[in-house]
Amino acid sequence: MTSFNRSTSRRLKKLTQIPSVWEGDRRPMSSSHTQHSDSEAKGECILWVDGSQGIVRGMDVVAPETGPEAIVRTLMRAMEHPHSPAKPARPQKIVVKDREIQFYLRGVLQDLDIAIDYTPELPLIDELFRGFAEIIDSQIPDLPPQYAQALRDKAYTIWQAAPWEFLEEHQILSIEINKWDVGTLYASVMGMLGMEHGILFYRSEDSLKQFRAAVLRDDEPQGLLEEAFLKQDCLFLTFERADDTDEDEDAVSDLADLPLSEIEPTFGNIHPLEGLRSVLYDEEALVVFVALESLSRFIRDRRRQLFEGTFPSLSRRYRISLPELHEATKSVSVTVSTMPQLATELEEMAGFGVREPELGEQVSPKFRSLRDDLIPEDSFLSLGVVSWEMLEYLRQGVTYHQVCEIQHVGDGLPVILIQTSRPKAKTVIENIEAAGGLKAICFNPGADPFDGDRYDLGLLQTQNGELFLFGEFLDDDPIHVEARKKWNQRCKNTKGYCGLIIAKGLTGSARGNPQPRDMMALFEARSLSPKDLGIGTLQLMPQLQLE
């Protein structure tokens, strides 16, 4: 049995011993008929109360599998750092109603001169736990219990279908239900950028357009954006990592890389008069069930056409059977359709629709999507220059893709250096080559409308027109500002030519300073300005923050 260190025992014995009897117990938080999924409701509560004064001195909620040491840890805090208004002290006597806890405490506390007794009843703790049970039982569940499992099953079906792999947020699908006072829902699929996976079901086109217009305005103050977010009128399904914690440094940044067992669906509602709530009531649950089922069928039936890159005009009618517990209506007829005209309108709002070029203007390809899966997350990145002598060495010694003959003006060729492990470097090189090679490097403005931060986004454009994010730099970072000034001047000297170097040796002695032998590939490319790229400020779409 684990016991206190002698120094700890001496420290505890220095506490004033008061003539009080403390009650202690450990019990499940949830009552027998509670079925909440909340982690605290599934945990066990440890309580230490001063029965003489009628106050709680210490309380903890722990996982059911936590060992008996937890009850001692809570007791120590109850003695040394009790809840206000209690003062640090050591009790004269402790009573518990669990024989195992009694014997365990007798062994651990034997040097502290505290009597440990058993009693079949703990009146004060019993009353406290009755109050906890009433609070838990009175809570509204996140989903109606009769529809909860059916909704989660449909959510996982959507997750496995992964519509964000081929549908962008502006490519809206209409879902005509005409039931439960809902006419048509307008589904916007989130997740192509790997930031937030889910589906927003807007109750009107106007709500969708108004919110997107607010987000796309560069000069919109943060407070007004938050207000616009809460003025949306929609139901939502989002996906999060189960039991996600900020302490996990190795956490996968893109949920799509996680197994199904680590994905947790969350449902909810946003309305101008209600704000955001992560609870669905009965009729809302049925509406979302029907929307998810019809959407998953449409994706299954029309996947090939949707994957072709264009957004064609498609429509399909379905008869959706409702969960068996819903006796009033057995099924609902639903029509799912693509909305290419609305998609074009939203593209034009975002500033990257097709337009006629002005005389002498360089025409950039239509912006399709921004991806962040080319450059490994743990890579070392730097903006720099290679001398003209080093450039000739690299052209002869590494995998090399030339654009044209570059005039040797200035101190060298401006380059982006990406250093990673050898296997990952090979994968990056192969992926760029598979996309036809590197076409351009660009720094484009980006903004987080909620935090108010503005970014300089480093982008790589491949020959097939795809854009890949390689770096995010705060606009006011003095180191990056200086590096960008040098980059711009060097690109001006070279008439807009630059390069990308892929190097190995991230974990070796050359980390952050790769030697010529570590450099595996050189891709020469054009440097594009944000105007040349023509996609405007990229806005980070606000995520649904749930309490």
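Before reading further, recall that the structure is shown in the block above.
The structure displayed is predicted, hence computed values, not measured ones. (Residues numbered from 1 in each chain as written. Predicted model: local features only at pLDDT ≥ 70, side-chain atom pairs only at ≥ 80, totals over all residues. Heavy atoms only, no water.)

Student: Lay out helix α3 (residues 69-80) in plain terms, naming residues and giving numbers.
Tutor: In this model α3 runs 17 Å from its N-terminal to its C-terminal C-alpha over twelve residues, within 8% of the 16 Å that 1.5 Å per residue would give. Extensive coverage of α3 is indicated by the burial of nine of its twelve residues. What α3 keeps buried is the set Ala70, Ile71, Val72, Thr74, Leu75, Met76, Ala78, Met79 and Glu80. Here the buried face of α3 lies against α1 (6-13), β1 (17-28), β2 (44-50), β3 (55-62), β4 (90-96) and α4 (99-108). (Helix = DSSP H or I, 4+ residues; strand = E, 2+ residues; numbered from the N terminus. Expected span 1.5 Å × (residues − 1). Buried < 20%, exposed > 50% of the residue type's maximum accessible area, 1.4 Å probe, protein only. Contact = heavy atoms within 4.5 Å.)

Student: So, the sheet that holds strand β13 (residues 331-338): which residues are in play, and what are the values?
Tutor: Read from one edge to the other, the open sheet built from eight strands follows the order β11-β10-β9-β8-β7-β6-β13-β12, with strand pairing classed as antiparallel. What marks the edges here is a single partner per strand, and that holds for β11 (275-277) and β12 (315-321). When the angles between neighbouring strand axes are averaged without regard to direction, this sheet yields 25°. Pairing of β12 with β13 involves seven bridges; the strand directions are antiparallel. Bridge assignment links Arg319 to a residue of β13, and that residue is Ser333. In the packing of helix α9 (residues 282-307) onto the sheet, the strands contacted are β6 (173-179), β7 (182-190), β8 (197-202), β9 (234-241), β10 (263-271), β11, β12 and β13, and the crossing angle to β12 comes to about 140°. (Pairing = 2+ DSSP bridges. Axes fitted to C-alpha atoms, helices over the stretch in contact; angles between N-to-C directions.)

Student: I'd like a rundown of the pattern of salt bridges, residues and numbers included.
Tutor: Oppositely charged side chains can pair when the atoms bearing their charge come close. Under the definition given, this model contains 27 salt bridges. In this structure, the salt-bridge partner of Asp301 is Arg300, at a minimum N-O distance of 3.0 Å. Exposure remark for Asp301: the relative accessible area of 26% places this residue in the partly exposed category. Judged by relative accessible area, Arg300 falls into the exposed class, the value being 59%. (Salt bridge = Lys/Arg side-chain N within 4 Å of Asp/Glu carboxyl O.)

Student: Account for helix α6 (residues 145-161), naming residues and giving values.
Tutor: Helix length check: α6 (17 residues) gives 25 Å between terminal C-alpha atoms against 24 Å at 1.5 Å per residue, within 8%. By the burial criterion, the buried members of α6 are Tyr147, Ala148, Leu151, Lys154, Ala155, Ile158, Trp159 and Ala161. Buried residues along α6 cover an arc of 155° about the axis, so they all sit on one side. Following α6 by one or two positions, Ala162 has its phi on the positive side, about 50°. (Arc of directions from axis to C-beta.)

Student: So what's going on with the packing of α6 against α9? Residues and values would help.
Tutor: It is at 10 Å that the axes of α6 and α9 come closest, and there the two elements cross at 25°. Taken together, the axis directions place α6 and α9 in an arrangement best described as roughly parallel. Crossing handedness for the pair α6 and α9: left-handed. Contact with α6, carried on its side by Gln146, Tyr147, Ala150, Leu151, Lys154, Ala155, Thr157, Ile158 and Ala161, involves Asp282, Ala285, Leu286, Val288, Phe289, Leu292, Glu293, Leu295, Ser296, Ile299 and Arg303 of α9 and no other residues of that element. (Parallel < 35°, antiparallel > 145°, perpendicular 65-115°, else oblique. Left-handed = near helix turned anticlockwise from the far one by under 90°.)

Student: Would you mind going over unusual backbone geometry in detail, with residue names and values included?
Tutor: Going from Ser84 to Pro85, the amide bond is cis rather than trans, its omega being 10°. With respect to the helices, strands and loops of the structure, Pro85 is situated in the loop between α3 and β4. For Asp113, which is not a glycine, the phi torsion comes out positive at approximately 55°. The topology assignment puts Asp113 in the loop between α4 and β5 (115-118). One non-glycine residue, Lys495, lies in positive phi territory at about 60°.

Student: How would you summarise the packing of aromatic side chains if you had to cite specific residues and measurements?
Tutor: In total, this model carries eight aromatic pairs according to the counting rule given. Between Phe443 and Phe470 the ring centres are 5.9 Å apart and the planes differ by 80°, which places this aromatic pair in the edge-to-face class. Here Phe470 lies in strand β20 (residues 467-474) and Phe443 lies in strand β18 (residues 438-447), a separation of 27 residues in the sequence. Both residues of the pair, Phe443 and Phe470, belong to the buried class. Through pairs of rings, three or more aromatic residues link up here, namely Phe443, Phe470, Phe473 and Trp487. When the ring centre of Tyr118 is taken as reference, the NZ or CZ atom of Arg99 above it lies at 3.7 Å. The ring of Tyr497 carries the charged tip of Arg526 above its face, separated from the ring centre by 4.3 Å. (Phe/Tyr/Trp six-rings, centres within 6.5 Å; stacked < 30°, edge-to-face > 60°. Lys NZ or Arg CZ within 6 Å of the ring centre and 35° of its normal.)

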